[in-house]
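# Report on the structure
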Amino acid sequence: MPYLDHAATTPLHPDVLEAMLPWLQGGFGNASSLHRDGRRARGAVEDARRRIARHLNAEPAQIVFTSGGTEADNLALRGTVGRGQALVTSEAEHEAVLKTADALEADGRTVVRLRPDDAGAVSPALLARTLAAMPRVALLSLMHANNETGVLADLPALAAAAHDAGALFHTDAVQSAGLLPIDVQALGVDLLTASAHKFYGPKGVGLLYVAPGVDLDPLVTGGAQERGRRGGTENVAGIVGMAHALDLAAARRDETNARLLALRLRLLDRLTEALGGRFVLNTPLHRSIPSVLNLAFPPNPSPLDAEMLILGLDLEGVSASAGSACTSGALTPSHVLLALGLPRETAAAAVRFSLGSSTTEADVDTAADALVRVLARVDR
Ligand SMILES: Cc1ncc(COP(=O)(O)O)c(C=O)c1O
């Protein structure tokens, strides 16, 4: 039963579970308590923070633990864009950024949403032109790897354009963290979001990297945890699990990525052989994370819809996704594919396969054959 939806979430790695268990059983102390149990929990949290910071080429104090990617995106945007200031983002961001931008706009901030280029990422030249014409931009928020198409943005160039305009730069690296090395210094970012459940860690824990000197208003107020930037008792087991998952991802990165690239190509070759020009390829193969393959199906002659394809694949035992556009259950075309310029009917009929570390050649062959059968049933 091939699970090809790793961009939605990944299974918890057994070694990560093992690293977490002591903190769910005997080591239940509150990391803020002064006694021995509390100090042990504090030690585990700070050890995890140091390990995670090292992976990102950051200092431990620059890591703020959150409940996941959505909260970290909210913290980055709401924590830095003040009243009367502007936020620049793109039409192809994840809802965690787009909906937060909508809320900030409704609350009086200026929001500009840039259109991505043909490959799906914002061009640094367009960004520089936009910023030259805009006063009071506090923050740019542009994702590293797109969750629907996998396209990668040129972060160093985008961050440089932000800094030239005196703005901060945030990136949502939820889809790239774990898969790609993330060096916050080399990327030039001021704020960066990651989420453990996308790299074989537990759900409900993530982080925001915050560069020195960034003035960040807390989103969750309460206790003084996370240096006053995020109140609430720390999720000790989750934080330990996230550090362990990142250690494992880094240790096997090259081997995993080589495998993923080969498997993605095999999937595409098999589909191309069976379907010829029946689909549009939405993933730029030379500028994307290696795990994602996004295809859309133009009307043939009647339009298809993604839900029909995903449920058809599900009946065949294959878990895939239509991207994040289908989560509401409504047949709305993907906002990312519309931003790429796809016609509505084609954008509403996209399938995203996302491969993972346990995906095999047999999995991708099964998935390709299943999709061919589903299309044969639904094409009219
Ligand atoms: C690009 C991106 N950002 C943010 C999120 C939200 O992360 P979380 O599920 O940890 O809240 C996701 C999850 O799908 C994502 O793909």
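Predicted model only: the values in this text are computed from it and were never measured.

Along the chain, the regular secondary structure elements total 13 helices and ten strands. Computed over the C-alpha atoms, the radius of gyration of the chain is 21 Å, within 12% of the 21 Å expected from 2.2 N^0.38 for a compact globule of 380 residues. Here the C-alpha coordinates of the chain stretch approximately 65 × 55 × 35 Å along the principal axes. Taken over 380 residues, the chain has a buried fraction of 57%. The contacts of the chain with a sequence gap of at least 6 include a subset with a gap of at least 24, amounting to 72%. For the chain, the accessible area works out to roughly 15,400 Å², and carbon and sulfur atoms hold 54% of it. Across the chain, the mean location of the 34 positive side-chain charges is 4 Å away from that of the 42 negative side-chain charges.

Residue placement: Arg 229 occurs in the loop between β7 (206-210) and α8 (236-251). In the structure, Arg 229 is positioned 60 residues away from Phe 169 in sequence and 18 Å away in space, judged by C-alpha atoms. The residues touching Arg 229, leaving out its near neighbours within four places in the chain, are Ala 61, Gln 62, Ile 63, Val 64, Leu 75, Val 210, Leu 216, Pro 218 and Leu 219.

Around the ligand lies a shell of 13 residues, among which Gly 69, Thr 70, Asp 172, Ser 195 and Lys 198 are the nearest. Between the ligand and the protein, one listed contact pairs an oxygen atom with a backbone N or O atom of Gly 69 at 2.7 Å. Here an oxygen atom of the ligand sits 2.6 Å away from a polar atom, N or O, in the side chain of Lys 198. Surface burial for the ligand is 85%, taken as the share of its 390 Å² of free accessible area covered by protein chains. Per-element tally for the shell around the ligand: the top contributor is helix α3 (residues 69-78), with three residues. A breakdown of the residues in the shell around the ligand according to their chemical character gives two nonpolar, eight polar and three charged.

The strand order β1-β7-β6-β5-β4-β2-β3 describes an open sheet built from seven strands, whose pairing is mixed. Two strands lie at the open edges of the sheet, namely β1 (63-66) and β3 (110-114), each paired on one side alone. Averaged over all pairs of adjacent strands, the angle between their axes in this sheet comes to 20 degrees, without regard to strand direction. Pairing geometry for strand β2 (residues 86-90) and strand β4 (residues 137-141), over three bridges, is parallel. Opposite Leu 87, over in β4, you have Leu 139 as the bridge partner. Where helix α5 (residues 124-132) meets the sheet, it contacts β2, β3 and β4, and its direction lies at approximately 155 degrees from that of β3.

A word on the sheet that holds strand β9 (residues 292-296). If you walk across this open sheet you meet the three strands as β8-β9-β10, and the pairing is antiparallel. The strands lining the two open edges of the sheet, one partner per strand, are β8 (280-281) and β10 (350-354). Bridging between β8 and β9 involves two bridges; their strand directions are antiparallel. Of the residues in β9, the one forming a bridge with Val 280 is Ala 296.

Quick look at the nonpolar core now. Here is a general trend for soluble globular proteins: nonpolar side chains tend to be buried in one another's company. One finds Ile 52, Leu 56, Ile 63, Leu 127, Leu 140, Phe 169 and Tyr 209 to be the most contacted residues of the largest nonpolar core, which totals 76 residues. In terms of residues, this core owes the most to one element, α8, which gives eight residues. Leu 152, Leu 271, Leu 275 and Ala 306 belong to the second largest nonpolar core, which has 37 residues in total.

Counting buried positions along β7 gives five out of five residues, so the element sits mostly inside the fold. Residues of β7 alternate between two faces, with Gly 206, Leu 208 and Val 210 on one and Leu 207 and Tyr 209 on the opposite face, all of them buried. Two strands pair when backbone bridges link them, and β1 and β7 are joined in this way by four bridges, in the antiparallel orientation. In the strand pairing of β7, Phe 65 is matched with Leu 207. Where strand β6 (residues 191-195) meets β7, five bridges bridge the pair, whose relative direction is antiparallel. Note on β7: the bridge partner recorded for Thr 193 is Leu 208.

Mapped onto the fold, Ala 132 is located in helix α5. The exposed category is assigned to Ala 132, whose relative accessible area is 72%. Along the primary structure Ala 132 and Ala 31 are separated by 101 residues, whereas in three dimensions their C-alpha atoms are 46 Å apart.

To continue, consider the pattern of salt bridges. The final tally for this structure, using the stated rule, is 20 salt bridges. Where Arg 115 meets Glu 91, a salt bridge forms, and the shortest distance between an N and an O atom there is 3.0 Å. Taken together, the residues Arg 115 in the loop between β3 and α5 and Glu 91 in the loop between β2 and α4 (95-106) connect sequence positions 24 residues apart. In this structure Arg 115 comes out as partly exposed when scored by relative accessible area, which is 45%. Classification of Glu 91 by relative accessible area gives partly exposed; the value is 24%. Residue Glu 361 is joined to Arg 266 by a salt bridge in which the shortest nitrogen-to-oxygen separation is 3.3 Å.

Criteria and cut-off values
- Numbering of residues starts from 1 in every chain and runs along the sequence as written.
- Residues qualify for local features only when their pLDDT is at least 70, as the model is predicted, and side-chain atom pairs are given and counted only at 80 or more; totals for whole chains, interfaces and linings, by contrast, use all residues.
- Excluded from the side-chain calculation are hydrogens and water; included are all heavy atoms of the structure.
- Runs of E in the DSSP output that reach at least two residues are strands. Runs of H or I that reach at least four are helices, and both are numbered from the N terminus.
- Atoms considered for the radius of gyration are the C-alpha atoms alone. The globule rule reads 2.2 Å times the number of residues to the power 0.38.
- Throughout this description, buried means an accessible area under 20% of the type-specific maximum (1.4 Å probe, protein chains only), exposed means over 50%, and partly exposed covers the range between.
- Here a residue-residue contact requires only that any non-hydrogen atoms of the pair lie within 4.5 Å.
- The accessible surface values rely on the Shrake-Rupley method and a 1.4 Å probe; as for residues, cover is taken only from the protein chains in view.
- Counting rule applied: Lys, Arg positive; Asp, Glu negative; His and chain ends not counted.
- By convention, the point assigned to a charge is CZ for Arg, NZ for Lys, CD for Glu and CG for Asp.
- When at least one non-hydrogen atom of a residue lies within 4 Å of a molecule or strand, that residue is treated as near it.
- Any pair of N or O atoms that falls within 3.5 Å is considered a polar contact. Within protein, one atom must be able to donate a hydrogen and the other to accept it, and sequence-neighbouring residues count only if both atoms are side-chain atoms.
- Only Asp, Glu, Lys and Arg are considered charged, only Ala, Val, Leu, Ile, Met, Phe, Trp, Tyr, Cys and Pro nonpolar, and every remaining residue, Gly among them, polar.
- Paired strands, in this sense, are two strands between which DSSP finds at least two bridges.
- Each axis is a line fitted through C-alpha atoms, and for a helix only the stretch in contact is used; angles between axes span 0 to 180 degrees, taken between their N-to-C directions.
- What makes a nonpolar core is a set of buried Ala, Val, Leu, Ile, Met, Phe, Trp, Tyr and Cys residues whose side-chain atoms join them at distances within 4.5 Å.
- Whenever a carboxyl oxygen of Asp or Glu lies within 4 Å of a side-chain nitrogen of Lys or Arg, that contact is scored as a salt bridge.

Nothing here speaks to function; it is all geometry.
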